[in-house]
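Report on the structure
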Amino acid sequence: MIDVIDLKKNFHDLEVLKGINFKVEKGDIVAVIGPSGSGKSTFLRCLNCMEDPTSGKIIFNGVDIADMKVDINVHRRHMGMVFQHFNLFNNKTVLENIMLAPEYVRCKEAKKLKTGKSKKQIHEEVKNEAMELLKRIGLESKADVYPSTLSGGQKQRVAIVRALAMNPDVILFDEPTSALDPEMVGEVLDLMKSVAAEGMTMIVVTHEMGFAREVANRVIFMDDGRILESGDPKEFFANPKTQRAREFLSKVL
Ligand code: ADP
Ligand code: MG
């Protein structure tokens, strides 16, 4: 599904990604771990076209999305993203947050394909799906409130179902539980586990080593802009091959 080839990213003369090679198959759950500043967020942001790579290729569903000529919006809607700080629209209700992107995309598609569906029909359709998603996380009673009234765990669960509402091929998570109070981490991890169990392809930057070990089918360890190790989580945690990974694990486990 995703094939990253020799991806490099510089900010001026700072080399942040120094040649990343990485493949993801449909249904993979990849945990990305590594020290702060090693380039994990920059890597995810390149995958999602929020940063332009300096060089290299990112083949997503057969198209090089690192190529400036492709329409990144078309690709981005197949890639969900969940951030550390939720990034909900604070001036929109919970329901509006979930509906905004799918409604926009479906109205555009209906126009282009001349399906004859009215804006109102699409609105109702997207609303029903959004309410189903809120039910799934037990927050249907919060549909009409603003995000500022939610707890961190509730905000992040809304952000996750907002990503699901687009029916993406893959969801990228950048430290989704790092900004949460400890008692809220579990509810977010549980939702991520249930999304994983449904077969969603996921790339998760995380400091939750339990999640990496139990849920991921692959771990990649990044250090200083490179992937130093990539492999089976149980093997990696039991037997890291590099000194850097051993040092890192001794600090976080
Ligand atoms: P991580 O997510 O692993 O902590 P980041 O990808 O956030 O690492 O950052 C990697 C390096 O790139 C850091 O040295 C950071 O300061 C630098 N960096 C990240 N984004 C920018 C930017 N927009 N401009 C300049 N430097 C940046
Ligand atoms: Mg980061």
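The structure presented is a predicted model; accordingly, all values stated were derived computationally and were not measured.

**Points about the site of ligand 1**
Inspection of the region around ligand 1 gives Phe11, Leu14, Val16, Pro35, Ser36, Gly37, Ser38, Gly39, Lys40, Ser41 and Thr42 as its neighbouring residues. Measuring from an oxygen atom of ligand 1, one finds a side-chain N or O atom of Ser41 at 2.9 Å. Contacts to ligand 1 include Thr42, whose side-chain N or O atom sits 2.5 Å from an oxygen atom. For ligand 1, whose free accessible area comes to 560 Å², the fraction covered by protein is 58%. When residues of the shell around ligand 1 are traced back to their parent elements, those giving at least two are β2 (14–24) and α1 (40–47).

**A word on the sheet that holds strand β4 (residues 55–60)**
Taking strand neighbours across the sheet as the criterion, the 4 strands line up as β2-β1-β4-β5 in an open arrangement whose pairing is antiparallel. In this open sheet, the two strands that pair with only one neighbour each are β2 and β5 (63–64). Across 2 bridges, β4 lies against β5 in antiparallel orientation. Pairing of Ile59 across the sheet is with Asp64, part of β5.

**Side note on the pattern of salt bridges**
As enumerated under the stated definition, the model contains 13 salt bridges in all. Between Lys117 and Glu125 there is a salt bridge, and its shortest N-O distance comes to 2.8 Å. Look at Glu125 and you get partly exposed, because its relative accessible area is 26%. Its salt-bridge partner being Glu247, residue Arg244 comes within 2.7 Å of it at the nearest N-O pair. Of this pair, Arg244 and Glu247 both sit in helix α9 (residues 243–252), 3 residues apart, which is roughly one turn of that helix. Connected via shared salt-bridge partners are Arg106, Lys117, Glu125 and Glu129.

**What to know about unusual backbone geometry**
Positive phi, close to 65°, is recorded for Phe86, a residue that is not glycine. You can see Phe86 is positioned in the loop between β6 (79–82) and α3 (94–113).

**What about the UniProt feature "domain: ABC transporter" (unreviewed entry) in the protein?**
Mapped onto this structure's residue numbering, the UniProt feature "domain: ABC transporter" (unreviewed entry) falls at residues 2–249. Structurally, residues 2–249 comprises 40% helix and 24% strand, and the distance from its first C-alpha atom to its last is 28 Å.

**A closer look at α1**
Burial within α1 is extensive, with 6 of its 8 residues counted as buried. Along α1, the positions that sit buried rather than exposed are Lys40, Thr42, Phe43, Leu44, Cys46 and Leu47. Phi for Cys49, located one or two positions after α1, is positive at around 60°.

**A look at the pairing of strand β1 (residues 2–11)**
Pairing between β1 and β2: 8 bridges, direction antiparallel. Bridging across to β2, Lys9 finds its partner in Leu17. In sequence, β1 turns back onto β2 through a hairpin of 2 residues, with His12 there showing a positive phi of about 50°.

**A few points about the side chain of Thr201**
Relative to the helices and strands, Thr201 resides in strand β8 (residues 201–205). The exposure class assigned to Thr201 is buried, which follows from its relative accessible area of 1%. A polar atom in the side chain of Thr201 sits 2.8 Å from the backbone nitrogen of Gly27. Here Thr201 is in contact with Met1, Val24, Glu25, Lys26, Gly27, Asp28, Asp169, Val170 and Ile171, once residues within four sequence places are set aside.

**Description of the side chain of Asn48**
Mapped onto the elements of the fold, Asn48 is located in the loop between α1 and β4. If we skip the residues at most four places from it in the chain, Asn48 touches Arg76, Met79, Met81 and Leu172.

**Observations concerning the packing of aromatic side chains**
The full count for this structure, using the stated rule, is 4 aromatic pairs. When the centroid spacing of 5.1 Å and the interplanar angle of 85° are considered together, the rings of Phe22 and Phe43 count as edge-to-face. You can see Phe22 sitting in strand β2 and its partner Phe43 sitting in helix α1, a full 21 residues away along the chain. Assessed through its relative accessible area of 0%, Phe43 is described here as buried.

Parameters at a glance
Residues numbered from 1 in each chain as written. Chains lettered and ligands numbered in written order. Predicted model: local features only at pLDDT ≥ 70, side-chain atom pairs only at ≥ 80, totals over all residues. Heavy atoms only, no water. Near = heavy atom within 4 Å. Polar contact = N/O pair within 3.5 Å; in protein donor to acceptor, adjacent residues only side chain to side chain. Areas by Shrake-Rupley, 256 points an atom, 1.4 Å probe, with all protein chains shown as cover. Helix = DSSP H or I, 4+ residues; strand = E, 2+ residues; numbered from the N terminus. Pairing = 2+ DSSP bridges. Salt bridge = Lys/Arg side-chain N within 4 Å of Asp/Glu carboxyl O. Buried < 20%, exposed > 50% of the residue type's maximum accessible area, 1.4 Å probe, protein only. UniProt positions renumbered as here; feature names shortened; annotations may be inferred. Contact = heavy atoms within 4.5 Å. Phe/Tyr/Trp six-rings, centres within 6.5 Å; stacked < 30°, edge-to-face > 60°.

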